[in-house]
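Read off the chains here:
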Amino acid sequence: MTEAYIYDAIRTPRGKGKNTGSLHQITPIKLASKTLKKLKERNNLDTKLIDDVVLGCVHPVNEQGSDIARVAVLDADYDQSVPGTQIDRFCASGLEACNIAAAQVMSGQSDLTIGGGVESMSRVPMGSAGGAWMTDPSVAFKTYFVPQGISADLLASKYNYSRDDVDLYAVNSQKKANEAWEKKYFKNSIISIYDQNGDLMLNHDELIRKETTMQSLASLEPSFSKIGKHSGLDEIALMKYPENNNINHVHHAGNSSGIVDGAAAVLIGNKEIGKKLNLKPRAKIKAFSSIGTEPTIMLTGPEHASEKVFKRAKMNQKDIDLFEVNEAFAAVVLRYLEALDISEDKVNVNGGSIAMGHPLGATGSMLLGTLLDELERRDLNTGLITLCVGAGMGTATIIERV
Amino acid sequence: MVQGSFELSNNSSIEIKGKSFDLNSFKGLNDILQKLTHENKTKNISVIGNFNTELQLNSIFSKANEIDEALSLLQHITRTIEKSSIKFISHVNGVVRGPALELVLSCNYIKADIDTFLDFTYTSEGIIPFFGSIQRIIKMLDYKKTLQILLTNEKLKFEEANSLKIINNEISKNIDKKKPFWDQDFTNTFIYFNSKIHSTYKNKKPAYNAILSIIFESSICEYNVGMSIEKRWAKWLILKSLIKK
Ligand SMILES: CC(C)(COP(=O)(O)OP(=O)(O)OC[C@H]1O[C@@H](n2cnc3c(N)ncnc32)[C@H](O)[C@@H]1OP(=O)(O)O)[C@@H](O)C(=O)NCCC(=O)NCCS
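Since we're looking at a predicted model, the values are computed, not measured.

Draft legend 1. A look at the site of the ligand. All names here are of chain A. Taken together, 20 residues lie near the ligand, and Lys 18, Gln 148, Arg 209, Thr 212 and Ser 257 sit nearest. Take Thr 212: an N or O atom from its side chain is 3.1 Å from a nitrogen atom of the ligand. Contact distances for the ligand include 2.9 Å between a nitrogen atom and a backbone N or O atom of Ser 257. Residue composition of the shell around the ligand, grouped by class: 10 nonpolar, 8 polar and 2 charged.

Structure representation (C-alpha cells):
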C-alpha cells in the first residue's frame, strides 16, 4: 500500500453562525474557494497535478448544493482538470473527506488530493437538508429518532454526568482555547478571510468566551428540556433506554458545540509527488475507520470508531500522544475519556468546538490540522482525531508524524 | 342502525339517507353520479340530508382481495364530484362526520348553518379518511393544520371552519394544482408530530402512523399521486386490521 502523507492543513477562523457573525456575509462557496486558493498559494501548487478535491458538507442544499467541491475548484481558479466531490458523513464529513482523499492515494489511484470541508451554518442552517431519518415517520419511528441535543442529554443521564461535570468540562475548553489563541498555537493553520475589496472580515475564532466560569454557565437554561418534554422526545429516548428513569437535561448553549461558519483544506499525497513539488511531508495517515452505533443515543461513535481503528493499526490508546475528540457536547468527550480510560490532559489540549464552534462539514479537517500543529509544537509523534456522527456513527483517524 | 343510501330528486339534489353505509350504498351513489355527469343536463346539485354518518367497515373491507376495488370506488366518487362541470353544493348542519364529511369536502361549496360541527374523528377510531380527503384538506388548509386536525381528531365548530374558509367559501377547481412543500419548517413540523405520535401511542395505533406517512410521502407529489399514496396506506391499515381479526 502507498503511504498517504499530509503536506499541509489550513482552516478559516470560525465565525459566529448568526446574521451578526463576521462570516455571515461570505457565501459558503467563497469560504471553500478562498481556502483552496490559500492552499495553492502557500504550497506553490501546480493545480494540474491535483487528482481530486473531496469536501465534506452536511447541508448540501441551496448555495451549498450541487457539488460545492467542484464549484469551489473552479472558483479558486484551479486548473479545470481538477475534479471535486462533496461528501456527507454528518459531523465527521471533514475528516471523512480527508480519509477518502488519503484512500485514493493509498490505493495508488491518485498522487495528490485535497480533503476538507465547508459549512456556513448562518446561511444554510442546520436541518435545512431535511432527510428521511428525522422526518419520514416510518423511519423515525423505527429508529427511535431524537435530535442530537436529546441524545447528548440521554448520554449524560445514562452515564451520570451531572450539570457540574459538563459545565466544568466546558469552562476548561474555553480556557484552553483562549490560551491557545493568546499563545498563537493556531497561527500555522489559520487563514484570515478578506472580502472582495481586501478588507478583513475575520482572523480569529470569534465564539470564544474567555470570561466563562462555572457561575456564568450555571445561569444558562438547558437547551433541550422544553422540546424534550413538550414534543415527547424524552419519552422516545426512554422507550429505547427504559433503564433510565428520566432524561437529565444538562446541555445548554455554553457546553454544546457552537453554531459557526468555516472551511478547511488538507493537502494529501504520496511521497513522489511531494518530492516533485518540493513539499515536506508533515505526517502520514496511518489508519482510519468509521462505524455505526446505536442511533438514539447516537453520540457514542468515537469510542467504537477508535477501537476499530486501533485494531486496524495494531495499536491501542496508549500509543496515542494526543487526541482530538470533537466537542459536539461535553458529555460526548466525558464518555470517551471514561470508555477508553484516557487522561484528560491528552485530549483536546487546545479546547474544541464548545469554545470555538463546530462548522459541521469542516470540523473534522480542522481538528486534523489542529492536532498536527500541536504534535509538531510539542514534538510528539502520534495523534488520533475522532468525531461522533449523526444517526449513530463515529469516524476516527490516526496520524503519525514523519 | 339505519342502512344508508343516496337518493336523487328532480335531477337537482342528492339526499343522504340513513346513518351506516356499506359498499352497495356507494355503488348506488356512483351510479347516480355517472348518470348526472353523462347526461350533463344539470348545472347545480345540492347535497342534503343526514351528515352524521359512518362506514360499515366490516362489510366494505371484509376481503383482502377486494380492498383495492373498494378504495378505488370511494376515491372515484369524490374525484367525480370534485372534477365534474356540475357544481355540487352541500347544505350542512349539525354534526358532519364519517363518509358524509368526505363527500362534503369534495363539493365545490359547503353551505353551512351556524350549528355545524365538522367532526374529524378518524384516527382515534383506528381509521383514516378513505375517500382521498387528506389531499383535499391539505389543499384547503395546509399540511400543518391537516396534521393537527387529523392527529388530534379535531371537531371544528362553525366559527373555526368558517374562519379557515372550509365552509361558506368557493373551493377552487384548481384544487389539483398543489405546490410541493418541503422546507425547514416542514422538517421541524414532522420532527414534532412524529415524536408526539410515537411517544404517545408507542406504535400501537397504526392509523396515526398512516396519516403521518400519507402527508409526508405526498408532500412533493402531484394531487393524483397523493391520492394513490392515500389509497396504499388505507389498504395497509385495512389489511392490518383484517390480520388482527
Ligand atoms: C445548544 C444550542 C441549541 C444553543 O443555541 P443558542 O441558544 O442559539 O446559543 P447561543 O450560542 O446563541 O447562546 C445563547 C446565549 O447563551 C449564553 N452563552 C452561551 N455560551 C456562554 C458561555 N460560555 N458563557 C456564558 N454565557 C453563554 C449567551 O447569553 C448567549 O447569548 P449571546 O450570544 O447573545 O450572548 C446550539 O448551540 C446547538 O444546537 N448546538 C449544538 C449543535 C449541534 O447539534 N451540532 C451537531 C453536533 S452532533
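Draft legend 2. A look at the confidence of the model for chain B. Across chain B, the average pLDDT comes to 92, with 95% of residues at 70 or higher. Overall fold confidence for the complex sits at a pTM of 0.92, while the interface term, ipTM, reaches 0.79.

Draft legend 3. Geometry of the pattern of salt bridges. All names here are of chain A. Counted according to the given criterion, the structure contains 37 salt bridges over all chains. We note a salt bridge from Glu 63 to Arg 123, for which the minimum N-O separation is 2.6 Å. Here Glu 63, found in the loop between β3 (52-56) and α2 (68-75), pairs with Arg 123, found in the loop between β5 (112-120) and α4 (132-135); they are 60 residues apart in sequence, far enough to count as distant. Since its relative accessible area comes to 32%, Glu 63 is described here as partly exposed. Taken together, the shared-partner salt bridges connect Asp 8, Arg 42, Arg 282, Asp 373 and Glu 376 into one network.

Draft legend 4. Just the interface of chain B and chain A, in detail. Listed per partner, the contact involves 18 residues of chain B and 22 residues of chain A. At the boundary of chain B with chain A, total buried surface from both sides reaches about 1800 Å², with 64% on carbon and sulfur atoms. Inspection of the chain B/chain A interface yields 1 salt bridge. A salt bridge links Glu 235 of chain A to Lys 202 of chain B; the nearest nitrogen and oxygen atoms lie 3.0 Å apart. Applying the counting criterion to the chain B and chain A interface returns 6 residue pairs in polar contact (both at pLDDT 80 or more).

Draft legend 5. Layout of helix α10 (residues 233-240) of chain A. Of all the positions in α10 of chain A, only Leu 233, Asp 234, Ile 236, Ala 237 and Leu 238 of chain A are classed as buried. Tucked into the core, α10 of chain A has its buried residues touching α6 (148-158) and α9 (225-230) of chain A together with α8 (184-201) of chain B.

Draft legend 6. Inspection of the packing of helix α7 (residues 163-182) of chain A against helix α13 (residues 330-340) of chain A at higher detail. All names here are of chain A. Two elements in contact, α7 and α13, have axes whose closest approach is 9 Å; the angle formed by their N-to-C orientations is 95 degrees. By the criterion of interaxial angle, the relationship of α7 to α13 is roughly perpendicular. Residues Asp 165, Val 166 and Tyr 169 of α7 form the contact with α13, whose participating residues are Ala 330, Ala 331, Val 333 and Leu 334. The class makeup of the residues in the contact of α7 with α13 is 6 nonpolar, no polar and 1 charged.

Draft legend 7. Examining the pairing of strand β4 (residues 84-87) of chain A more closely. Residue and element names in this part refer to chain A. Pairing geometry for β3 and β4, over 4 bridges, is parallel. In the sheet register, Val 54 faces β4, and the bridge partner there is Thr 85. Note on the crossover from β3 through α2 to β4: the handedness is right-handed.

Draft legend 8. Representation of the nonpolar core. Judged by nonpolar contacts, the single largest core of 131 residues is most densely connected at Phe 26, Phe 120 and Phe 130 of chain B. When sequence neighbours within four positions are dropped, the list of residues in contact with Phe 120 of chain B reads Leu 101, Leu 105, Ile 137, Ile 149, Leu 150, Asn 153, Glu 154 and Leu 156 of chain B. Listed in part, the 34 residues of the second largest apolar core include Ile 26, Ile 68, Ile 114 and Leu 202 of chain A.

Draft legend 9. Summary view of unusual backbone geometry. All names here are of chain A. Positive phi outside glycine occurs at Met 298, with the angle close to 60 degrees. Here Met 298 falls in the buried class, since its relative accessible area comes to 0%. Positioned with a positive phi, Ala 391 is a non-glycine residue whose angle comes to about 60 degrees. Here Ala 391 shows up in the loop between β11 (382-389) and β12 (393-401).

Criteria and cut-off values
- Sequence order sets the numbering: in each chain, residues are counted from 1 along the sequence as written.
- In the order they appear in the text, chains get letters beginning with A and ligands get numbers beginning with 1.
- Only residues with pLDDT of 70 or above have their local features reported here, since the model is predicted, and side-chain atom pairs are shown and tallied only from 80 upward, although totals for entire chains, interfaces and linings are computed over all residues.
- Side-chain numbers come from the whole structure's heavy atoms, not from hydrogens or water.
- Near residues are defined by distance, with any heavy atom within 4 Å of the molecule or strand qualifying the residue.
- We define a polar contact as two N or O atoms separated by no more than 3.5 Å, with the added condition that, inside protein, one atom must be a possible hydrogen donor and the other a possible acceptor, whereas residues neighbouring each other in sequence contribute only through side-chain atom pairs.
- Gly falls in the polar group here, along with every residue not listed as nonpolar (Ala, Val, Leu, Ile, Met, Phe, Trp, Tyr, Cys, Pro) or charged (Asp, Glu, Lys, Arg).
- Predictor confidence is given residue by residue as pLDDT, running from a minimum of 0 to a maximum of 100.
- The salt bridge criterion pairs a side-chain nitrogen of Lys or Arg with a carboxyl oxygen of Asp or Glu, the two atoms within 4 Å.
- Helix numbers and strand numbers start at the N terminus; a helix is a DSSP run of H or I with at least 4 residues, a strand a run of E with at least 2.
- Only protein chains enter the calculation, and the probe is 1.4 Å; a residue is then buried if its accessible area is under 20% of its type maximum, exposed if over 50%, and partly exposed in between.
- In what follows, residue pairs with any heavy atoms lying within 4.5 Å of each other are defined as contacts.
- Two parts placed together each lose some accessible area under a 1.4 Å probe, and the buried area is that loss summed for both.
- In this analysis an axis means a line fitted to C-alpha atoms, helices contributing only their contacting stretch, and an angle means the value between N-to-C directions, from 0 to 180 degrees.
- An angle below 35 degrees is read as roughly parallel, one above 145 as roughly antiparallel, one from 65 to 115 as roughly perpendicular, and any other as oblique.
- A pair of strands is considered paired only if DSSP assigns at least 2 bridges between the two.
- Crossover handedness is defined by viewing with both strands directed away from the observer: a clockwise path from the first strand over the helix to the second marks the crossover as right-handed.
- Nonpolar cores were defined as sets of buried Ala, Val, Leu, Ile, Met, Phe, Trp, Tyr and Cys residues, with membership established by side-chain atoms within 4.5 Å.

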